[in-house]
Amino acid sequence: MPSAPHVLFRAWLEEAGEQVLAPHAVTLSTVDAEGAPDARVVILKEVDESGFFVASSARSPKGRQLAVNPRAALTFFWPALGRQVRVRGSVSACGAETSAADFRDRPPASRAEVLIGRQSEVLTDPGELVRAAEDADRQVQQDPDLVPDSWTRYVVEPGTVEFWQADHDRRHVRLRYRRAGAGWTTERLWP
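Note that the coordinates shown come from a computational prediction; the quantities given were computed from them, not determined experimentally.

Novice: I would appreciate a short explanation of the overall build of the protein chain in the present structure.
Specialist: A tally of regular secondary structure across the protein chain gives five helices and nine strands. Order of helices (α) and strands (β) in the protein chain, N terminus to C terminus: α-β-β-β-β-α-β-β-α-α-α-β-β-β. Overall, the C-alpha framework of the protein chain stretches about 55 × 35 × 35 Å when taken along its three principal axes. Here the protein chain, with 191 residues, has 39% of them falling under the buried criterion. Within the protein chain, contacts between residues at least 6 apart in sequence are counted, and of these 60% link residues at least 24 apart. Of the charged side chains in the protein chain, 24 are positive and 27 negative; the average position of the first set lies 7 Å away from that of the second.

Novice: How should unusual backbone geometry be read in this particular structure?
Specialist: Glycine aside, the phi torsion of most residues is negative, and most peptide linkages are trans. The backbone phi angle of Arg118 is positive, close to 65 degrees, even though this residue is not glycine. Along the chain, Arg118 falls in the loop between α4 (108-116) and α5 (126-142). For Arg118, a relative accessible area of 46% gives the class partly exposed.

Novice: Looking at this model, I keep getting lost on the packing of aromatic side chains. Mind explaining?
Specialist: In this description, a pair of aromatic rings is defined by centroid distance and the angle of the planes. Counted by the stated rule, this structure contains nine aromatic pairs. Among the aromatic residues, those joined into a ring-pair cluster are Phe9, Phe52, Phe76 and Trp78. The aromatic ring of Trp12 is capped on one face by Arg83, whose charged end is 4.2 Å from the ring centroid.

Novice: Would you mind going over the pattern of salt bridges with me for this structure?
Specialist: A side chain with one charge may pair with a side chain of the opposite charge, provided their charged atoms come close. For the structure shown, the criterion picks out 13 salt bridges. Linking Arg138 and Asp135 is a salt bridge whose minimum nitrogen-to-oxygen distance equals 3.9 Å. Taken together, the residues Arg138 and Asp135, both in helix α5 and three residues apart, mark about one turn of the helix. You can call Arg138 partly exposed: its relative accessible area is 43%. The exposure class of Asp135 is partly exposed, given its relative accessible area of 36%.

Novice: Explain the pairing of strand β1 (residues 25-31) to me, please; I cannot follow it from the model alone.
Specialist: Sheet faces and side chains relate simply in a regular strand, where the side chains alternate between the two faces. Only one face of β1 is buried: it carries Val26, Leu28 and Thr30, and the other face, with Ala25, Thr27, Ser29 and Val31, is open. Where β1 meets strand β2 (residues 37-43), seven bridges bridge the pair, whose relative direction is antiparallel. Note that in β2 the partner of Leu28 across the bridge is Arg40.

Novice: What am I meant to see in α5 here?
Specialist: Each turn of an α-helix holds 3.6 residues, which means side chains three or four residues apart point in the same direction. The terminal C-alpha atoms of α5 lie 25 Å apart, and with 17 residues this matches the ideal 24 Å at 1.5 Å per residue to within 8%. For α5, the complete set of buried residues consists of Ala132, Ala136 and Val140. Looking straight down α5, one finds its buried side chains confined to an arc of 75 degrees; they lie on one side. Exposed positions of α5 whose direction lies more than 90 degrees from the buried face are Gln141 and Gln142. For α5, the elements touching its buried residues are α4. Of the residues flanking the start of α5, the one acting as N-cap is Asp125, its side-chain oxygen 2.9 Å from the backbone nitrogen of Gly127.

Novice: How should I be thinking about the packing of α4 against α5 in this particular structure?
Specialist: The relative placement of two packed helices comes down to the angle between their axes together with the axis-to-axis distance. Relative to each other, α4 and α5 sit at 125 degrees, their axes nearing to 8 Å. Comparing the axis directions of α4 and α5 gives the class oblique. Crossing of α4 over α5 shows right-handed handedness. Packed against α4, whose contacting residues are Pro108, Arg111, Ala112, Leu115 and Ile116, the element α5 presents Leu129, Ala132, Ala133, Ala136, Asp137, Gln139 and Val140 at the interface. Broken down by class, the residue content of the contact of α4 with α5 amounts to nine nonpolar, one polar and two charged.

Conventions and cut-offs
- Residues numbered from 1 in each chain as written.
- Predicted model: local features only at pLDDT ≥ 70, side-chain atom pairs only at ≥ 80, totals over all residues.
- Heavy atoms only, no water.
- Helix = DSSP H or I, 4+ residues; strand = E, 2+ residues; numbered from the N terminus.
- Buried < 20%, exposed > 50% of the residue type's maximum accessible area, 1.4 Å probe, protein only.
- Contact = heavy atoms within 4.5 Å.
- Lys, Arg positive; Asp, Glu negative; His and termini not counted.
- Charge placed at Lys NZ, Arg CZ, Asp CG, Glu CD.
- Phe/Tyr/Trp six-rings, centres within 6.5 Å; stacked < 30°, edge-to-face > 60°.
- Lys NZ or Arg CZ within 6 Å of the ring centre and 35° of its normal.
- Salt bridge = Lys/Arg side-chain N within 4 Å of Asp/Glu carboxyl O.
- Pairing = 2+ DSSP bridges.
- Expected span 1.5 Å × (residues − 1).
- Arc of directions from axis to C-beta.
- Polar contact = N/O pair within 3.5 Å; in protein donor to acceptor, adjacent residues only side chain to side chain.
- Axes fitted to C-alpha atoms, helices over the stretch in contact; angles between N-to-C directions.
- Parallel < 35°, antiparallel > 145°, perpendicular 65-115°, else oblique.
- Left-handed = near helix turned anticlockwise from the far one by under 90°.
- Nonpolar A, V, L, I, M, F, W, Y, C, P; charged D, E, K, R; others polar.

See below:
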């Protein structure tokens, strides 16, 4: 058992990458201003000793929710391996340069999608989406270095990370890392 959860997570992610489609897909859970939970699948960008990195527009529902309550949960589930990882912690925005580099690393179609904006707003005219997508595609082609000021790379700084390994006898193995000062405490949990 490694002394830090990101080491074990990377090993599990690498194993998942050999057997699972999109192993870096993760459910990001936040709460709105009224405390109602919200969850959606995003892509894990990176993980290191400081945390788990994801990215989004600060103007998206998740970005607005994180601005009000900068705490989140991440859930990875790899059913083919019988594994799940749960992360809970505080969230902070990375700097503008890091966020811009993240945006420029996205494929052109993904950058254009972000430029369309209006995520989760009601769409009354599908033709409007087509026109907005065409305009965004042109913007990306004309200015490949264009980065919207709302694009933000976030880091979820874990307070707890739980690893769950399924067992056919239902005696699942649950290992929890809890932040303890500059290090971690590990605990085995009942299934």
